[in-house]
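# Coordinate analysis (summary)
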Amino acid sequence: MISLILACAGKGERAGMNKNKLLVTTDGLTVAEKTFLAFKNTGLIDEYIVVASEGDFPSFNKIFNGKAEIVVGGNTRFLSVRNALERVTGDVVLIHDGARPFVNEKIIKNCIESVNEFGSGITAVKSVDTVAVENNGFIVDELKKNAFTVQTPQGFKTEEIKKAFSLATRTDYPDDASVYAEFIAKPHLSEGDENNVKLTFKKDFSALKTVRVGEGFDCHRLEKGRKLILGGVEIPHEKGLLGHSDADVLTHAVMDAVLSALSLRDIGYHFPDSDQKYKDADSMLLLTEVLAMAEEKGYAVSQVSAVIMAEKPKLSEYIPQITENLAKTLGVPADCVGIGATTLEGLGLVGSEEGICVHAPVTLT
Ligand code: MG
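Here we summarise the structure given alongside this text.

## Some words on unusual backbone geometry
Cis geometry is adopted by the peptide bond preceding Pro153, which originates at Thr152 and carries an omega value of 15°. In this fold, Pro153 is placed in strand β10 (residues 148–157). Residue Pro313 is reached from Lys312 by a cis peptide bond, and omega for that bond is -5°. Secondary-structure assignment places Pro313 in the loop between β17 (301–309) and α10 (319–330). The phi torsion at Ser263 lies on the positive side, around 55°, for a residue other than glycine. Within the secondary structure layout, Ser263 lies in the loop between α7 (249–261) and α8 (267–270). In the Ramachandran plot, Glu353 falls in the positive-phi region, its phi being about 60° despite a non-glycine side chain. Assignment of secondary structure puts Glu353 in the loop between α11 (348–351) and β19 (355–359).

## Concerning the pairing of strand β1 (residues 2–7)
Counting buried residues in β1 gives six out of six residues, a clear majority hidden from the surface. Across six bridges, β1 lies against strand β6 (residues 92–97) in parallel orientation. Bridged to Ile2 within β6 is Val92. With five bridges connecting them, β1 and strand β4 (residues 47–52) associate as parallel partners. Of the residues in β4, the one forming a bridge with Ser3 is Glu47.

## Looking at the layout of surface pockets
Considered as a void within the structure, the second largest pocket measures approximately 240 Å³ in volume. What lines the second largest pocket is a set of 13 residues, among which Val125, Thr149, Gln151, Glu194 and Val197 lie closest to the centre. Put simply, the parts of the chain that give the lining of the second largest pocket at least two residues each are β7 (120–126) and β10. Taken together, the residues of the lining of the second largest pocket sort by class into four nonpolar, four polar and five charged.

## As for the sheet that holds strand β5 (residues 69–72)
Overall, mixed pairing links the seven strands, which are arranged β5-β4-β1-β6-β10-β7-β11 in an open sheet. Bordering the open sheet on either side are β5 and β11 (189–191), each of which pairs with just one other strand. Strand-to-strand twist in this sheet, taken as the mean axis angle between neighbours without regard to direction, amounts to 30°. With four bridges connecting them, β6 and β10 associate as antiparallel partners. For Val93, the partnering residue across the bridge sits in β10 and is Phe156. Strand contacts of helix α5 (residues 158–167): β6 and β10, with the helix running at about 110° to β10, the strand carrying the most contacts.

## As for the packing of aromatic side chains
Within this structure, the stated rule accounts for seven aromatic pairs. Put simply, the rings of Phe36, Tyr48, Phe60 and Phe64 touch in pairs and so form one group of aromatic residues. One residue, Arg170, lies across the ring of Tyr173, its end atom 4.1 Å from the ring centre.

## As for the pattern of salt bridges
Evaluated as defined, the whole model comprises 10 salt bridges. Notably, a salt bridge pairs Arg87 with Glu69, separated by 2.3 Å at the nearest N-O pair. Here the residue Arg87 occupies a position in the loop between α3 (77–85) and β6, and Glu69 occupies one in strand β5, the gap between them amounting to 18 residues. Take Arg87: its relative accessible area is 37%, and that puts it in the partly exposed class. For Glu69, a relative accessible area of 31% translates into the label partly exposed. Where Glu105 meets Lys109, a salt bridge forms, and the shortest distance between an N and an O atom there is 3.3 Å. With a gap of four residues between them, Glu105 and Lys109 both fall in helix α4 (residues 105–118), about one helical turn apart. Lys109 sits in the partly exposed class, given a relative accessible area of 38%. One connected set of salt bridges, linked through shared partners, spans Arg77, Asp97, Arg100 and Asp176.

Quick notes on the rules
- Residues numbered from 1 in each chain as written.
- Predicted model: local features only at pLDDT ≥ 70, side-chain atom pairs only at ≥ 80, totals over all residues.
- Heavy atoms only, no water.
- Helix = DSSP H or I, 4+ residues; strand = E, 2+ residues; numbered from the N terminus.
- Buried < 20%, exposed > 50% of the residue type's maximum accessible area, 1.4 Å probe, protein only.
- Pairing = 2+ DSSP bridges.
- 1 Å grid on protein atoms, 1.4 Å probe; cavity = no way out; pocket = protein on both sides within 12 Å on 5 of 7 lines; lining within 4 Å.
- Points joined across faces, edges and corners; volume = space filled by probe spheres on them.
- Nonpolar A, V, L, I, M, F, W, Y, C, P; charged D, E, K, R; others polar.
- Axes fitted to C-alpha atoms, helices over the stretch in contact; angles between N-to-C directions.
- Contact = heavy atoms within 4.5 Å.
- Phe/Tyr/Trp six-rings, centres within 6.5 Å; stacked < 30°, edge-to-face > 60°.
- Lys NZ or Arg CZ within 6 Å of the ring centre and 35° of its normal.
- Salt bridge = Lys/Arg side-chain N within 4 Å of Asp/Glu carboxyl O.

In short, geometric facts, not functional conclusions.
Here it is as structure tokens:
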């Protein structure tokens, strides 16, 4: 039977967030849950023990109630793991940082196999840089070969690591392998992965976010006496687009794509045409509101690729201005906005000049 201790009692001060970094949510899941699921989804672990600080205990209890046992940690990693070890019933135990959500099945399997064969498995990757050992500002030892960067999980036979922790007289060990090394045996390395990073600084958290793709489509009727506005640019033409707002069909398609990418419904939902507030509204301002909603979810548009379907007028000469205007509002370089225009060879509602349609996929990061 294999047990996992997930160390979540750190303060995460280096991340500069005003709460435990493991409770930061992206795409609806906290970092701690992502790490937990990375193990859970392998089906290799039989027992889960989460160590949380006293202050965070209620939050972790809410997240993991029924999924893991929650244990209150101590002031150091050593004390936290020691508390958790008391609850372990498996004969093999893996100890893992809650802040390493990119752990994968191969790493976990390597660690377990190493414990079975050699008594311990310390996940590590060969260092590509030269590692220097410093004392008082001077390099006292330089390890040119065989240097490894140690990660987690670190796996042990439960009885042995419990014995090591019970024999230790200090509490400042950097990790569990060093306790094991002092009292039991030389720890055995198991192959890690350079992607198995520990989220430490605020910038590290951007790696948690996935790319989102959204589809947007819109169509408006062409009428005499209306302005033709595309991407916030007024195009001279005998007809313009009919709509409750300024009927900027291109901007509407882009807005819908952004909303769709983030599962935020559509523009009809957020800006209903029954609301007088949006009568003749400038769609570029509505786009700004949509971008603020995206930002709230931690996303920004990275690229737009749109095709305008219009029989008339010829749009070619206006494309650079439309592109620049949209890029400016979206806050991306102009070469991240691609606008194409096409006729439909006289076919259908576009061909008969009854309307203009736009299809606009976007990506967000
Ligand atoms: Mg529309």
